[in-house]
Structure formats: structure tokens, C-alpha cells
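Here is what each chain is made of, one letter per residue.
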Amino acid sequence: MKAGFVVLAGLLFAPSGAQAKDVAKGDELGFVPPAPGTYVLQHILRSPEGTVIDVDNKPRRLSQFTTGKITLLSLIYASCSDGRGCPLASHLLRQLRGWIDKNEKLHARLRFVTLSFDPDNDTPEVMRAYADGYLSDGNGPPWHFLTTRSRREILPVLRGFGQDVWIATSGSSEQAGKLPHLLKAFLIDRYGWIREIYTTSFFQPEVVLNDMNTLLLEEER
Amino acid sequence: MVRVSTASTRFAAAWLASFTLVVSPWATADETCNSPYIGNLIKGQEDYVYVWTLGIKSLGDGSDKLVTIDANPTSKTYGKVTHKVSVGRRGEAHHMGLTDDRRFLWAGGLDDSKIYVFDISKDPAKPRLVKTISDLPAKTGYVGPHTFYALPGRVLVQGLSNSKDDGGVTGMALYNNQGGLVATYPMPTEGGGDGYGYDIAVNPQKNVLLTSSFTGRKNYMMNFGKLVKDAEAMKHFGSTMVLWDLKAMKPTKIFSVPGAPLEIRWSLNPGDNWAVTAAALSSKLWLIKQDAKGDWQAQAVADIGDPSKVPLPVDISISADGKGLWVNTFMDGKTHYLDLSNPEKPVQTYEKVTGKQVNMISQSWDGKRVYIASSLLANWDKTGADGEQFVRAFNWDGKELALAFEVDFINEKLGRAHHMKLGSKALKMAFDDGPGRSPLANR
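Residues numbered from 1 in each chain as written. Chains lettered and ligands numbered in written order. Predicted model: local features only at pLDDT ≥ 70, side-chain atom pairs only at ≥ 80, totals over all residues.

1. Quick look at the overall build of chain A
Point 1. Helix and strand counts for chain A come out as 7 helices and 9 strands.
Point 2. Taking all 221 residues of chain A together, 50% fall into the buried category.
Point 3. Sequence-distant contacts in chain A: of pairs separated by 6 or more residues, those separated by 24 or more amount to 72%. (Helix = DSSP H or I, 4+ residues; strand = E, 2+ residues; numbered from the N terminus. Buried ≥ 20, exposed ≤ 12 C-beta atoms within 10 Å, placed from the backbone. Contact = placed C-beta atoms within 7 Å.)

Below, the structure is given as C-alpha cells:
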């Protein structure tokens, strides 16, 4: 391993206090994850292209947010109340962002993206309010909150990511209007390749951090 | 970037405090034998049983097909075949698996090595063949796609054999859900590994994957009577299980498990750290469990039936609470129930002859319904009067299996009934912009 790799790993694995203990030993995981750089993250799929809008209602190409940096992207809808769904994803992104908050050198190499798949309700204003709940903890790498203008725009993006969205055709009235989906977040390399996909049972922040570090080490090679 | 609101942050923090940070994966496990990565559970009454069926020459169209049986007792067509999709050829249809989003069913042919992808989300009552992958041997060198195991956005496919010598040395092929080949992983042939493959089962909370081992194409396509008399051929069965680092996809430990260990089932009980498998040729149930030091160990913990009579345990199905295990034995047509309260000392508490030959067994999440299918392999199935082909549904009250319905696959001119998966009409894709638009798409 090059000396630079060690320095880089040290930067990522030096969050403050108890967090560092958790990350290094995998204390909350029940297993010790393989060390960054000792395994390969496969090139699973190309990240899709599409048109999105930011919280300032400006249209952007999605690839602006999925290339050039290592990106952790989650698909959510703002009114989701499933504790194992969108709120969990956004919380974990905030937790991860907090862990690397102090490492300003990494801010230029990482980004977080939260993209809504509910254009009917998640306007730029709603996404701005949603973002407010997650951006209070320090600076960290950039975290972009995006939505689309229509289903026509979000559909190909959902298909491209392979993100399922389901609707119950039977059930209580409470379920009406809900968009149940299997929690997914995507780790994307700087070239736009999806390198890992996380669902509820695989969304372990320590492992995600190791995966980010593995991609960072890969870039150094 | 956007500005920060202190008030909304406090609200969000309080809201999130009520959620568990890392959710038990087993809370999202599907009908007990499926990958824990599969979402959209069927925890209530299933509507359909999908049956991957081997074609029989001169019976119906003679081709392999996906058969849909209505399994909802409130339906007018309960217990009837309501749909079938022929793939137009006969290639030794065997196992199938759902993608993590439960939109697609992947099904394989052990002889022709084709992989068929059926869409079951747009109309769960009428699966459609949407893709055929025909280049597994050319791209990987593996043949006989057996197990289809869902990983996030991917399907891990276990081969049984290879294209060089049709022997048992093989590997796993990783595809994305769109059908693109992502990577291959050869089964280990060093450090005690025999290179054979059969089933795949993961425990994400332990970051481990377990594989088992069967035999190569030369054997599984051979006439069964001829095979058992061929002493040399009988030497070529798997006798290992492999523990893999799931994240790294690297083998970490190889267990000696003689006698062709087949299906693997992890206990779904939160906190449990063990799996079981049945070795077909030795009729032993094996336990793979962490010891006090956290090291993984394998040990034979029970006989299944009378091993001296070679009952040939085949499929197994574990209850959602990890306390019980169904085991089918092919030769004597028996279905056994083992109490797994102490997984190191399983005890058989029930058995029943459920057919003249029985192979696959699946149970509903609540354990109240049990489905049994007859076929093992085209050239291993019994013949004559013993060669019945069926799916039988039973109700289980904890004491007795009571027949609920039966579909005779010979009378229906369907073929040999093999692997089964459960389906539901309760879930459909939102944002569907195609025919049969979902309610949401019209919103």
C-alpha cells in the first residue's frame, strides 16, 4: 500500500470520540468488516442521466451530481413515515456526513445527494424544508437535495437506478397515498458507476464508510 | 446547498430518535427461504403459487413453463391453474429466485444453462417472460444455473457445473437486476475445497455467505438407476460447505460436510447465529454455528429418517421463528417435521407420506400453509405408477398436514412440478406508465 493510502485512511477513520471506536472495531455490527482497500467494489450499473431541479428551482442534469466525486445518493419522498425507509436513509447520511465533517480535504472528493421520487408533493420548497432538518450538524461534504418537475422526469431515473416504488392495491385508508419502497442508497464513483447498493439490511454506516474509503483508495492507485 | 433551520432540526432529531438505527435484516425476510434482501413481504394470505415446471416430451407442448396456481381460498379459481408461460424448449427447468424488489422472477435450466426472467409485478396473476440470458457458459465457463439469490440490485447465480468437462467444479456469477454480468467468483478448489456448488444463503448481520455442494452436469443428467451403479460417478459428489466474507466475496473457511449438502436455511430468529443444511446421500442434518469464540463450526446434529435406507433428504423449509424445520425425503415420499428448539439436538416430531416422490417444500410466513412439489430431476424422477407429478397444498395446525388442494401436473399436461415461489396481487408497481396503469399513475 502506498504511504498516501495510509494517510487517506487515517483521515477517514479519525472521527471524533466514540465514533472512531465504533468505526475501527465494528462494535455495533456484530462482525469486523474487511478493511478498506482489501476488497473490490464491482461496477454494478451506470448511474442514469435525467433532469432534476434543486431547492432553488433550477433545472440541472443529474450527472452533475453523480460524477466528478464519490457520491452517496438516496431516493426518498419527504412525507415518508416508514421508520425503516426514507427517514432512516436520511438519518444515516447525516450520521456519515458528521463522521467526516472534520476532514475538510475530503469535502472536495465526496458528496451526498437526496433525490425525491414524489414530484407531485416534493416541490423545491418542500425539499428545502426537508433539507433544513438534516443540515444543522456542521459543514461536512456537500449535501444536495433534489426533486423533479414531473413523473415523466423521475420515471426513467427510477428505472435507471432500479428503485422500486410500490402501491398497495388493497388495505386501510391510512395506506392510501403512501409510496412503499425498499430502502435503497447508491454509492457512485466519480465516473458515474454504481459500485454498491444498500438496503435496510445492508445499510450499516461503518460498512458504507469503508466502501467510500475503498473507492478513495482506488482513485489513488 | 441550503440553509439550516434550528427549529426544524430539533423536530427532526426528536422524530428520528424513535427509530432504530440499524434494523434487524430478518424483520424484512420474506417467505422463510428467500434472501433477507427481498422486500415487500407476503405475511398474510398468498394469492399465487408460481411453479417452475420441466416439460415432458409429448405432454402438452413438451416445454418448460412457469405455471401459476390460484392459492387464495376465497377465490373462485382456488386450487386451479390460472396461467402458464411456456419458454418454448425443454432445458431441465429447476430453481428460481426473486429479485430484491420482487419485481422479477429468475428461473434457470440445468441442461441448457438458460436463465429466464419473468416480470411478476405488472400483473402478478399473469407473469410475462421479458428476458432470456443465453450466454452464461460463454461468458463465465459455468453451466447449470441453480440458485438465484437476491442481493441489493443484483442476483447471485450459483452454477452446478462447468463447460469444460461437465464436472462439479463451478462458480457463482453476479448479475445486476437488469441482466448484465457484473462478476464471477470461482468455488474454492484449494485448502480443502472441492470446487462444487449448489445453494447460497447469506446472513448480512454476520457478513457471511454460505454455499453448499452437489454434483456436475454429467451426473445430474444421468439416469438415476445407472448413476447409483456407477461407482466412479458416485465419487463425484460435493462434500464441502464454504463460508465466505460477504462484503469481500472471499472464502474464509471450508467445512467438511460429506454426502452432498444441499439447501441452506439460516435461522430467521433475531440474534440467532446458525444455519442448517441436509446432506442428501448421508441423510444427516448439519448445523453451522458460531462457537463461544465466534468461530464458525459445522457438525452433524441429527439423522433424517433411517440413513441406512437412503431416503434422500432434498428440500427443507425453516419456520419464521427458527423453531421448526420441514424436510422432504424423495425416495419414501415422506414429509418430516423437526423441532429445532435446540438446534444442536433436533427432534423429529411428525412425519407423513405426502406423495410417491416429493422434493420441494415451501411454507407461508405464518407457517399455516405448506406446499409440496414432486419432481427432483427429469432423469432421477420415478417412473411408472410412482412417477406422479403434482403440487399439493396442505394446511398445518401444528399437529397434522391436511390436504387443501392438489394439481395433477400430468392430467393438466404441464410437466414435472419443481420449484415454487409465492405471489401476491396486493402489491403493484406505482408510477407504471404502461398498460394497466396503477392508481398512482393517474393521480
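Next, the rest of the story.
2. Brief notes about the overall build of chain B
Point 1. Scanning chain B from N- to C-terminus turns up 5 helices and 29 strands.
Point 2. Sequence separation of at least 24 residues holds for 53% of the intrachain contacts in chain B that already meet a minimum separation of 6.

3. Notes on the environment of Ile44(A)
Point 1. Position of Ile44(A) relative to the elements: it lies in the loop between helix H2 (17-25) and strand E1 (45-46).
Point 2. With 27 C-beta atoms packed within 10 Å, Ile44(A) lands in the buried category.
Point 3. Along the primary structure Ile44(A) and Ile188(A) are separated by 144 residues, whereas in three dimensions their C-alpha atoms are 9.7 Å apart.
Point 4. With sequence-adjacent residues up to four places away left out, Ile44(A) is seen in contact with Ile194(A), Arg195(A), Ile197(A), Gly153(B), Arg154(B), Asn176(B) and Val182(B).

4. Details of the sheet that holds strand E24 (residues 361-363) of chain B
Residues and elements named next belong to chain B.
Point 1. Across the sheet, 4 strands lie side by side as E24-E25-E26-E27; this open sheet has antiparallel pairing. Sheet topology places E24 and strand E27 (401-408) at the edges, where each strand pairs with a single neighbour. Ignoring which end each strand starts from, the neighbouring axes of this sheet average 20 degrees apart. (Pairing = 2+ DSSP bridges. Axes fitted to C-alpha atoms, helices over the stretch in contact; angles between N-to-C directions.)

5. Focus on the pairing of strand E15 (residues 250-256) of chain B
Residues and elements named next belong to chain B.
Point 1. Bridging between strand E14 (residues 240-245) and E15 involves 6 bridges; their strand directions are antiparallel. Along E15, the bridge assignment pairs Thr-240 with Ser-256.
Point 2. Connecting the antiparallel pair E14 and E15 is a turn made up of 4 residues, with Met-249 showing a positive phi of about 55 degrees.

6. Quick look at the environment of Val310(B)
Residue and element names in this part refer to chain B.
Point 1. Within the fold, Val-310 resides in the loop between strand E19 (296-303) and strand E20 (313-318).
Point 2. On the basis of neighbour count, Val-310 is assigned to the partly exposed category, with 17 C-beta atoms found within 10 Å.
Point 3. A sequence separation of 30 residues divides Val-310 from Ala-280, and the C-alpha atoms of the two residues are 8.3 Å apart.
Point 4. Setting aside anything within four residues of it in sequence, one finds Val-310 in contact with Ser-283 and Met-331.

Treat this as a map of the structure, not an account of what it does.
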